[in-house]
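# What the coordinates show
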Amino acid sequence: MKKFLIILCATFALIFVACLCLNFAVVFSSQKNITDGENANADVIIVLGCGVKPDGSPSDMLRDRLLTAVDLYKSGAGKKLLLSGDSKNAEKYDEVGTMKRLCLSLGVPEEDIITDGLGLSTFESIDRAKKIYGIENAIIVTQKYHLYRALYIAKSRGIAAVGVPADLHTYGGQLFRDIREIPARVKDFILSTAK
């Protein structure tokens, strides 16, 4: 029994160390591509979905992503916005519809907005940007903790990308998101390698 417990503990320790190493690899390989957006220039600005409140308005994090992206668009950093999120069952939950309405209200012409309602995860959003929309170069907008993973995926998909953080506020629950990001980076590292 004692030998079994030692093996079990050693296995968990190895898995833990492997997860930390993969996280370090994702962050280290992506951090040089995070910018303030001042000299960023791309065909498309990709805005990753977040959350929509029950009344259909964007969460604070999503609003900040959209405000940042629209500012970049208006400065000429990107020609179009690609809004990617969960609108698979739009009659019940329409993330992309909410994103589009806010962008329109901020003066972005409809013809410069591309919507992808099947961006159900970070990996799917970036993978679909390449496979479905043919994106070759992009600015990715999300909060900084999330940018490392998004940029890593973009590189694996063959998208030349820089990331612009949309941290306009301090958000509640950030510790939970930081912890959740550890297994998410491992998952997307594996998916990026496998596909």
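Everything below is about the structure shown above.
Worth saying up front: this structure is predicted, and the values here are computed from it rather than measured.

### Observations regarding the overall build of the protein
Helix and strand counts for the protein come out as six helices and five strands. Helices and strands appear in the protein in the N-to-C order α-β-α-β-α-β-α-β-α-β-α. Oriented by its inertia axes, the alpha-carbon framework of the protein measures out at about 65 × 35 × 30 Å. By the burial criterion, 45% of the 195 residues in the protein qualify as buried. Carbon together with sulfur atoms contributes 62% to the accessible area of the protein, which is approximately 10300 Å² in total.

### Comments concerning the packing of aromatic side chains
Summed over all chains, the structure comprises two aromatic pairs. Arranged with centres 5.6 Å apart and planes meeting at 15°, the rings of F24 and F28 form a pair that is stacked. Placement of both F24 and F28 in helix α1 (residues 2-30) is noted, with a separation of four residues, approximately one turn of the helix. Judged by its relative accessible area of 56%, F24 is exposed. Overall, the relative accessible area of 51% leaves F28 in the exposed class. A centroid spacing of 5.6 Å and a plane angle of 25° characterise the contact between Y152 and F189, whose relative ring orientation is stacked. Residue Y152 is located in helix α5 (residues 144-157), and its partner F189 is located in helix α6 (residues 174-194); the two are separated by 37 residues in the primary sequence.

### Some details on the environment of D112
Tracing the backbone through its elements, the reader meets D112 in the loop between α3 (95-105) and β3 (113-116). Sequence-wise, D112 and I6 are 106 residues apart; in three dimensions their C-alpha atoms are separated by 59 Å. Filtering out sequence-adjacent residues up to four positions away, D112 remains in contact with Y73, K79, K80 and L81.

### Quick notes on the packing of α1 against α6
Taken N-terminus to C-terminus, the directions of α1 and α6 make an angle of 75°; their axes are 9 Å apart at the nearest point. Accordingly, the angle class assigned to the pair α1 and α6 is roughly perpendicular. Contact residues: α1 offers C19, L22, N23, V26 and V27, while α6 offers E181, I182, R185, V186 and F189. In terms of residue class, the contact of α1 with α6 is built from seven nonpolar, one polar and two charged.

### Details of the pattern of salt bridges
By the definition in use, this model includes eleven salt bridges. A salt bridge links K100 to E110; the shortest N-O distance between them is 2.8 Å. Placement of K100 in helix α3 and of E110 in the loop between α3 and β3 is noted, with a sequence separation of ten residues between them. On the basis of relative accessible area, K100 is assigned to the partly exposed category, the value being 22%. The partner of E181 in a salt bridge is R149, and the shortest N-O contact between them spans 2.7 Å. One end of the pair, E181, is in helix α6; the other, R149, is in helix α5, with 32 residues separating them in the sequence. Its relative accessible area of 5% is what places R149 among the buried residues. Residues joined in a network through salt bridges with shared partners are R149, E181, R185, K187 and D188.

So, how was this worked out
Residues numbered from 1 in each chain as written. Predicted model: local features only at pLDDT ≥ 70, side-chain atom pairs only at ≥ 80, totals over all residues. Heavy atoms only, no water. Helix = DSSP H or I, 4+ residues; strand = E, 2+ residues; numbered from the N terminus. Buried < 20%, exposed > 50% of the residue type's maximum accessible area, 1.4 Å probe, protein only. Areas by Shrake-Rupley, 256 points an atom, 1.4 Å probe, with all protein chains shown as cover. Phe/Tyr/Trp six-rings, centres within 6.5 Å; stacked < 30°, edge-to-face > 60°. Contact = heavy atoms within 4.5 Å. Axes fitted to C-alpha atoms, helices over the stretch in contact; angles between N-to-C directions. Parallel < 35°, antiparallel > 145°, perpendicular 65-115°, else oblique. Nonpolar A, V, L, I, M, F, W, Y, C, P; charged D, E, K, R; others polar. Salt bridge = Lys/Arg side-chain N within 4 Å of Asp/Glu carboxyl O.

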